[in-house]
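Structural overview
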Amino acid sequence: MKRRDFIKTSAIAGAALTLNFDGLQAALANNTMTVEAVPDLVAVMGGEPVEMLDKALEALGGIGNYIKKGQKVVIKPNIGWDRTPELAANTNPELIKSLVKKCLDAGASKVTVFDNTCDNWQKCYDSSGIAAAARDAGAVVMPANEEKYFKEVSLPRGVKLKSAKIHESLIEADAWINIPILKNHGGAKFSCAMKNMMGIVWDRRFFHSNDLQQCIADICTWDKKPVLNIVDAYRMMHQNGPQGKSAADVATIKTLIASPNIVAIDTAALGMFNQVKKLDLESVGHIGNGQSHNLGSTDLQKINIQRIRI
């Protein structure tokens, strides 16, 4: 790494970390609801990835609230790019390994991990560390590089996207967990839980040529919604997304957010993103479009949020 890139990276990461939990609280807004009940959304900050996952799931009542004995489960990370974990283009492999183990411990009969990658799928699976981590934990790692793995489903609530071919493992699953990494995206402006659902679809060219922001919201109307969304924001690519160019594009903000509510979690994650680089909600049209589809609310004051600092 060039010295100027190192200095820039350190400065950005340092600025992000000086925001600390106060910055996260501001990003997630204030609300007066009690956290005695299971919260709608949990935000954890300041720990290592698996440690933060443990805290989030504990606050949500445990993985057993979402995964039941005998279920076939899919875990859908972002594995789109031939990049190592330090470049924050893909979900942290340690999170995937831990989540697979938790689902199997909860009694899942099978856990499958896949993504329809942008770069060569084998290189993405290997460079990201996710294939090895998932297999080590006992998951089945499936490819998604050929159309034969996808089956067409109807999306009657879609505005632009009325149908899509979705990966067969998801169609056959009893439950699935959406686990994206938070990052910048050149086309969609912002990539998180809703954007991660583009990786369940075969033909993404349609999205890019038919109102990307609306199509992202439309795919989220599919009836089989994730039982839980978990946002990996330990490292965050704040520019040159979605694949990044160097470590200068990455800030370490040590955050994890979890919620069944896909619109709320993306709204909260956008607030966190804005602690490093400003991006208004109107620019990320798919979040507002998701609210229009009644997939959740962007008003975080209306939901029960639990914040945990490690």
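Look up a bit, the structure's there.
**Re the side chain of Gln214**
Position of Gln214 among the secondary structure elements: in helix 9 (residues 212-219). In this structure Gln214 comes out as buried when scored by relative accessible area, which is 11%. Side chain to side chain, Gln214 and Asp218 meet in a polar contact 2.8 Å long. Apart from residues lying up to four places away in sequence, Gln214 is in contact with Val159, Lys160, Asn289 and His293.

**Focus: the packing of aromatic side chains**
Under the definition given, this model contains three aromatic pairs. With a centroid separation of 5.4 Å and an interplanar angle of 50°, the aromatic rings of Phe150 and Trp202 are classed as tilted. Here Phe150, found in strand 5 (residues 150-154), pairs with Trp202, found in the loop between helix 7 (193-196) and helix 8 (205-209); they are 52 residues apart in sequence, far enough to count as distant. For Trp202, a relative accessible area of 25% corresponds to the partly exposed category. With a centroid separation of 6.0 Å and 85° between ring planes, the pair formed by Phe190 and Phe273 is classed as edge-to-face.

**Section: the pattern of salt bridges**
Enumeration according to the criterion identifies seven salt bridges in this entry. Here Asp54 and Lys102 are joined by a salt bridge, their closest N and O atoms 2.6 Å apart. One end of the pair, Asp54, is in helix 2 (residues 49-59); the other, Lys102, is in helix 3 (residues 93-105), with 48 residues separating them in the sequence. Look at Asp54 and you get partly exposed, because its relative accessible area is 33%. Put simply, Lys151 and Glu172 hold a salt bridge, and the shortest N to O gap is 3.7 Å. Note that Lys151 is positioned in strand 5 and Glu172 in helix 6 (residues 168-172), a separation of 21 residues in sequence. On the accessibility criterion, Lys151 (38% relative accessible area) is partly exposed.

What counts, and where the lines are drawn
Throughout, residues of each chain are indexed from 1 in the direction in which the sequence is written. The predicted nature of this model means local features are confined to residues of pLDDT at least 70 and side-chain atom pairs, given and counted, to a pLDDT of 80 or more, with totals for whole chains, interfaces and linings taken over all residues. The basis for every side-chain value is the complete set of non-hydrogen atoms in the structure, without hydrogens or water. Only DSSP runs of H or I with at least four residues qualify as helices, and only runs of E with at least two residues qualify as strands; both kinds are numbered from the N terminus onward. To sort residues, take the accessible area from a 1.4 Å probe on protein chains only and compare it with the maximum for the residue type: under 20% means buried, over 50% means exposed, and anything in between is partly exposed. What qualifies as a polar contact is a pair of N or O atoms within 3.5 Å, subject to a donor-acceptor requirement within protein and to the restriction that residues adjacent in sequence count only when both atoms come from side chains. For this analysis, residues touch if any pair of their heavy atoms sits within 4.5 Å. For Phe, Tyr and Trp, rings pair up if their centres lie within 6.5 Å, where Trp contributes its six-membered ring, and each pair is then called stacked (planes under 30 degrees apart), edge-to-face (over 60) or tilted (otherwise). We count a salt bridge whenever a side-chain nitrogen from Lys or Arg sits within 4 Å of a carboxyl oxygen from Asp or Glu.

By themselves, these observations are geometric and do not establish any function.
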